Amino acid sequence: MTKIKSNVAVSESGFVFNPITGESYSVNPVAAEIFNMLKENKSFDEIEKELLEKYQVDAETLEKDFNDFISMLKQYQIIDENNEKEV
Amino acid sequence: MQKQRYERPVIKKLETNMPNKFGTKTEYTPKTHIDGVAVKELVKEYGSPLFVISEKTIRKTYREAKKAFSTRYPKVQFGWSYKTNYLSAVCNVFHQEGSWAEVVSGFEYQKALLNGVDGKKIIFNGPDKTVDDLEMAIENDSLIHIDHLDELYTIIELAGKMNKKPKVAIRVNMDTGIYPMWDRFGFNYENGQAWDALNKIVRSEKLELVGLHTHIGTFMLSANAYSVAAYKMADLALGIQKKYNHEIKYIDMGGGFSSKNTLKGAYLPGSDTNPTFDDFAEAITSALINSDFKPDQLPLLILETGRALIDDAGFLIGSVISNKRLADGKRTTILDIGVNLLFTSFWYDHKISPAQPFTQYTEDTVLYGPLCMNIDVIRENANLPLLNKGEQVVVHSVGAYNMTQWMQFITLRPNIVMIDEKGKHHLIREKESMESINHFEKVPEHLKKFEL
Ligand SMILES: Cc1ncc(COP(=O)(O)O)c(C=O)c1O
């Protein structure tokens, strides 16, 4: 399960601050939605379902983009690697 | 409920106090229409990639340039530089505006004739004019600009044979304070080669020396270099007047004005920093007017401006094939336009706009073409809104040299359309096909069959 570090949050304007590294980030609305759903511990399947209903996108593209996004969260150390077993 | 436009999720690190080397934000207004025609409509009808030329922009740019010179100088003539873009439709817009033709090969010369240009209004430049080319040019009373002594002797010989007096000028190269100095074409001013050639021409009595020509470089960022060049040209013309009592009818200052494109590595966009037509016109015309010509004896000023007249009128529409991340995490976007079509991406950081609306989120990305080669990079660094597969981008200011220097490599050359002043689009060059390419090939009989 992919887990975002508990003290990292996204603001309404898409601003992300990581208190551990002191770095700031910005995310776009789709990323903010995913970010919040991840915080709610939703699974990829749940996230995918919600996004497919809301946006003009196919499942393949979404999955590819989702994985890419997760890899960036890892690179920025926003995902808790310890809690993470699989993506 | 209508579903919302999807944009792939992105997270971007905010870097404070970092200079932005990815260009200014103004780059990021979507280019959904070209002269009122929807990009999507063009792609639907003509496919992607697609070159689009705006007739309106050509005419507007030409008139600006013309005005910059003709408000400062009594006699001005432009000659359209065919090599810059010799699509007949493009040439004819310039000819309708009053441009003569400037050509550098037998092929370009014939193209100008076929377009309907009077031979007397064709300027023939370049080091490679064959005997046949020269005969044709002499026959048609064209303006032959001599590049080297071998050519000079050939023309003298042909003049005798044909019993005609060819109209000639010499190409002069010189030090204008810029580097590199283009001294491989023509005769040098400083070391006396130019005078040597002029003496030979006048003394031969077989040729009519009508003008002097120079072309000091291309994408010049210094208007002052033209001032230096114009003074030297004036000096030669006045010297001939004095020595032989012979009047030089025109001074041809060549091309070379920079367009609004941004050279690679430049910190500021070219549209903000490059000299304008007014800057170049001021430099050239004030040098000529301030030299010792009598006011009523100023020679005709010819200009062979290429890229600065056509760059902005050309657009290249392309589509996103895929978004990909490199091993080091860098975002890349693969487009269906490669360096085979966009030769100028070796020189410029082309302005590239998405062809559809987008949010304010952007990503630093490398733009690659579809060719299977490392050199196929359209932009090394672009800060672009998020593009989805299948969406379009518009590359700006691609009108100069791309449609002549393009390569048939891996893919076929695409359609080119021109949008006229009323917003109607016309196919002006059909895309290549298997037949058109195979038409040139011949397979020897013994190679026609094989078994695998
Ligand atoms: C003789 C001559 N005239 C005109 C041009 C057009 O130059 P530009 O496109 O830089 O204006 C060239 C380009 O190389 C040239 O060689």
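Please read these numbers as outputs of a predicted model, since none were measured by experiment. (Residues numbered from 1 in each chain as written. Chains lettered and ligands numbered in written order. Predicted model: local features only at pLDDT ≥ 70, side-chain atom pairs only at ≥ 80, totals over all residues. Heavy atoms only, no water.)

(A) Summary view of the interface of chain B and chain A. Contact residues are listed per partner, giving 20 residues for chain B and 29 residues for chain A. Taking both partners together, chain B and chain A bury about 2,300 Å²; carbon and sulfur atoms supply 57% of that area. Considering only the surface of chain B that becomes buried against chain A, B:Y6, B:P9 and B:I11 emerge as the three largest contributors, covering 32% of it. Inspection of the region where chain B meets chain A yields three salt bridges. For B:R325, the salt bridge identified is with A:D68, shortest N-O distance 2.6 Å. There are 13 residue pairs in polar contact (both at pLDDT 80 or more) connecting chain B and chain A. If you list the elements that add at least two residues to the side of chain B that touches chain A, you get β1 (4-5), β2 (11-13) and β15 (314-325) of chain B. Sort the elements by how many residues they give to the side of chain B that touches chain A and β2(B) lands first, with three residues. Residues that form the side of chain B that touches chain A fall into these classes: seven nonpolar, four polar and nine charged. Where strand β4 (residues 55-56) of chain A meets β1(B), two bridges bridge the pair, whose relative direction is parallel. From the neighbouring strand, A:Q56 faces β1(B), where its bridge partner is B:R5. (Contact = heavy atoms within 4.5 Å. Buried area = accessible area lost by both parts, 1.4 Å probe. Salt bridge = Lys/Arg side-chain N within 4 Å of Asp/Glu carboxyl O. Polar contact = N/O pair within 3.5 Å; in protein donor to acceptor, adjacent residues only side chain to side chain. Helix = DSSP H or I, 4+ residues; strand = E, 2+ residues; numbered from the N terminus. Nonpolar A, V, L, I, M, F, W, Y, C, P; charged D, E, K, R; others polar. Pairing = 2+ DSSP bridges.)

(B) Looking closely at the side chain of B:R8. You can see B:R8 is positioned in the loop between β1 and β2. On the accessibility criterion, B:R8 (3% relative accessible area) is buried. Engagement of the side chain of B:R8 in a polar contact is seen with the backbone oxygen of B:L387, the distance being 3.4 Å. With near-sequence residues (within four places) excluded, B:R8 lies in contact with A:N28, A:D65, B:N323, B:R331, B:E363, B:L386, B:L387 and B:N388. (Buried < 20%, exposed > 50% of the residue type's maximum accessible area, 1.4 Å probe, protein only.)

(C) Inspection of the packing of aromatic side chains at higher detail. Applying the stated criterion to the full structure yields 20 aromatic pairs over all chains. Measuring from centroid to centroid gives 4.5 Å for A:F44 and A:F66, while their planes differ by 50°, and the two rings are tilted. Placement of the pair is A:F44 in helix α2 (residues 44-54) and A:F66 in helix α3 (residues 59-75), with a sequence separation of 22 residues. Their ring planes at 10° and their centres at 3.8 Å tell us that B:W80 and B:F94 sit as a pair that is stacked. (Phe/Tyr/Trp six-rings, centres within 6.5 Å; stacked < 30°, edge-to-face > 60°.)

(D) Inspection of the pattern of salt bridges at higher detail. The final tally for this structure, using the stated rule, is 28 salt bridges over all chains. As a salt-bridge pair, B:R8 and B:E363 come within 2.8 Å of each other at their nearest N and O atoms. In this pair, B:R8 is assigned in the loop between β1 and β2 and B:E363 in strand β18 (residues 362-368), connecting sequence segments 355 residues apart. Taking the shortest distance from any N to any O, the salt bridge between B:K164 and B:D141 comes out at 3.7 Å. Linking B:K164 in the loop between α6 (149-162) and β10 (167-173) with B:D141 in the loop between α5 (131-139) and β9 (143-146), this pair joins segments that are 23 residues apart in sequence. Each of A:D68, B:R8, B:R325, B:R331 and B:E363 takes part in salt bridges that share partners, so that together they form one network.

(E) Inspection of the site of the ligand at higher detail. Residue and element names in this part refer to chain B. Close to the ligand lie 16 residues, the nearest being T218, G256, E304, G306 and Y401. For the ligand, an oxygen atom lies 2.7 Å from a polar atom in the side chain of Y401. When the free accessible area of the ligand is taken as 400 Å², the share hidden by the protein chains comes to 93%. Looking at the shell around the ligand residue by residue, the class counts come to one nonpolar, 10 polar and five charged. (Near = heavy atom within 4 Å. Areas by Shrake-Rupley, 256 points an atom, 1.4 Å probe, with all protein chains shown as cover.)

(F) Region of the structure containing the packing of α6(B) against helix α7 (residues 193-204) of chain B. Residue and element names in this part refer to chain B. Running from N to C, α6 and α7 point in directions that differ by 5°, and their axes come no closer than 11 Å. In terms of orientation, α6 lies roughly parallel with respect to α7. In this structure, α6 uses L149, L152, Y153 and I156 to contact α7, whose residues at the interface are A197, K200, I201 and S204. (Axes fitted to C-alpha atoms, helices over the stretch in contact; angles between N-to-C directions. Parallel < 35°, antiparallel > 145°, perpendicular 65-115°, else oblique.)

(G) Layout of unusual backbone geometry. All names here are of chain B. Omega for the bond connecting S48 with P49 falls within 30 degrees of zero, at 0°, which places this linkage in the cis form. For P49, the location among the structural elements is in the loop between α1 (39-46) and β5 (50-54). For the bond from Y179 to P180, the omega torsion is -5°, close enough to zero to count as cis. Residue position: P180 is located in the loop between β10 and β11 (187-188).

(H) View of the domain arrangement of chain B. Residues and elements named next belong to chain B. Along its sequence, chain B is organised into domain 1 (33-53 + 313-433) and domain 2 (55-311). On a C-alpha basis, the centroid separation for the pair domain 1 and domain 2 is 33 Å. Each partner contributes residues to the interface: domain 1 has 26 residues there, and domain 2 has 24 residues. Between domain 1 and domain 2 the total buried area reaches about 2,300 Å² when both faces are included, carbon and sulfur atoms providing 54% of it. Looking at the side of domain 1 facing domain 2, the largest losses of area belong to Y348, Y401 and E421, adding up to 27% of the total buried there. (Domains from an automatic or database assignment.)

(I) A look at the pairing of β5(B). All names here are of chain B. By the criterion of burial, β5 is predominantly enclosed, with five of the five residues buried. Because side chains alternate across β5, one face comprises the buried residues L50, V52 and S54, and the other comprises F51 and I53, equally buried. In this sheet, β15 lies alongside β5 in antiparallel orientation, the contact comprising four bridges. Of the residues in β15, the one forming a bridge with V52 is F315. When β5 meets strand β21 (residues 416-419), the two strands line up parallel, connected through four bridges. For S54, the partnering residue across the bridge sits in β21 and is I419.

(J) The arrangement of the sheet that holds strand β3 (residues 23-27) of chain A in detail. Spatial strand order, β1(A)-β2(A)-β3(A)-β2(B): four strands in an open sheet with antiparallel pairing. Every interior strand has two partners, whereas the edge strands, β1 (9-10) of chain A together with β2 of chain B, have only one. Relative to β3(A), strand β2 (residues 15-18) of chain A runs antiparallel, the two sharing four bridges. Bridging across to β3(A), A:N18 finds its partner in A:E23.

(K) Focus on the side chain of B:S291. All names here are of chain B. Within the secondary structure, S291 sits in the loop between α10 (277-290) and β14 (300-303). Judged by its relative accessible area of 12%, S291 is buried. Polar side-chain contacts of S291 include one of 2.6 Å to the backbone oxygen of L288. Filtering out sequence-adjacent residues up to four positions away, S291 remains in contact with A234 and L238.

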